[in-house]
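Take a look at the letters that make up each chain.
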Amino acid sequence: MELQTGREAVVRVGVATLWASPEAVRAVDSPALAPRTDIAAWIAGMDADQQVGDCVLSQLLLGERVLVTELRPDGWAHVVAVEQPAKLDPRGYPGWLPAGQLAPATALPDTDPLVVDATVTALHATPDGPVRLPGVVLGTRLATAGPVVAGWRPVHAPGHDVPLWIPARHTAAVADAAPTAEEVLAVARRLLDVVYVWGGVSSYGIDCSGLVHLAWRRFNVRLPRDADDQATATTPLPPGSERPGDLYFFARPGRGIHHIGIVTADPRPGDDRRMLHACYRQRRVLEERLPADRTATLVAAHRV
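As the structure is a computational prediction, the values presented were derived from the model and not from experiment.

**Here's the deal with the overall build of the protein**
In step 1: The helix and strand tally for the protein stands at six helices and 23 strands.
In step 2: Its C-alpha radius of gyration of 19 Å places the protein within 12% of the 19 Å reference for a compact globule of 304 residues.
In step 3: When each of the 304 residues of the protein is scored for burial, the buried share is 53%.
In step 4: Sequence-distant contacts, at least 24 apart, represent 60% of the contacts inside the protein between residues at least 6 apart.
In step 5: Of the roughly 13,200 Å² of accessible surface on the protein, a fraction of 52% belongs to carbon and sulfur atoms.

**Observations regarding the pattern of salt bridges**
In step 1: Within the structure shown, the criterion is met by 19 salt bridges.
In step 2: A salt bridge links R72 to E23; the nearest nitrogen and oxygen atoms lie 3.1 Å apart. Of this pair, R72 sits in the loop between strand 4 (65-71) and strand 5 (76-81) while E23 sits in the loop between strand 2 (15-19) and helix 1 (30-33), and the two are 49 residues apart along the sequence.
In step 3: For R72, a relative accessible area of 22% puts it in the partly exposed group.
In step 4: Here E23 falls in the exposed class, since its relative accessible area comes to 58%.
In step 5: With a closest N to O distance of 2.8 Å, R281 and D293 form a salt bridge. Residue R281 is located in the loop between strand 21 (274-279) and strand 22 (284-289), and its partner D293 is located in helix 6 (residues 292-297); the two are separated by twelve residues in the primary sequence.
In step 6: According to the relative accessible area criterion, R281 is partly exposed, its value standing at 47%.

**Structural notes on the nonpolar core**
In step 1: Membership of the largest hydrophobic core comes to 44 residues, with the highest contact counts inside it found for W42, I206 and W216.
In step 2: With six residues, helix 4 (residues 208-217) is the largest single contributor of residues to this core.

Rules behind the numbers
Residues numbered from 1 in each chain as written. Predicted model: local features only at pLDDT ≥ 70, side-chain atom pairs only at ≥ 80, totals over all residues. Heavy atoms only, no water. Helix = DSSP H or I, 4+ residues; strand = E, 2+ residues; numbered from the N terminus. Rg over C-alpha atoms; globule rule 2.2 N^0.38 Å. Buried < 20%, exposed > 50% of the residue type's maximum accessible area, 1.4 Å probe, protein only. Contact = heavy atoms within 4.5 Å. Areas by Shrake-Rupley, 256 points an atom, 1.4 Å probe, with all protein chains shown as cover. Salt bridge = Lys/Arg side-chain N within 4 Å of Asp/Glu carboxyl O. Core = buried A, V, L, I, M, F, W, Y, C linked by side-chain atoms within 4.5 Å.

Shown next as structure tokens:
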């Protein structure tokens, strides 16, 4: 099967990057454009300014569904990421990526779904055999292809005709119930010190709304991709009633929401609040007491 305009496809690489346009990519971006992406090398090769370039819109994980809306002769595909709600398009988040990072969507056997619970892992040709698909990250959904063998689980992978194998300890069952605040915070804290990358949605590099999207995605809760859309999709709280696992939103006077963080402690008298967030200023994920300038732009607390 081949990709077709107007049909769904799925991501066949560990992490695919969604670009503003094919012309926006830079020489430094080549590891993220390859048919077998190397996101770690891509991020390591960028300087601090390149890590926050607005050419990157979002990222998609292995197996994530997209609607193909255009195929260019030069190998680029315009898609709508239907699993990332956005105000930009009612169908999902729009952008461009290399068509070689996609595979036609096919029906998989009706098996118990899994989610990757390791920060980073890989899919292998055989149990403990050669790596066939590197860079598979936390929050990736997989379909079981059979029983565990010697601690390894077979899974279906887009673009591969035969099952690949992942350490069973790197997977978890997809949750049926809503997660607790403690569960979400535990996942988010595993991403502490991950580098800040504008548009990032992976354990290699992530931005503020990407951190929130990924932490809840691990538990099969689909939140929008961007902070302002996340505010629309969540429930406002009375001031001072926020609890760990809720969300803080930030905006400058007369401007829209520009930042989001996850509440990590009950508020205390004197505007003593704490949050975990992907910080643009310090270029990493950190947990901290809100400094005065953050408190000055805090406009809301919401609950998922």
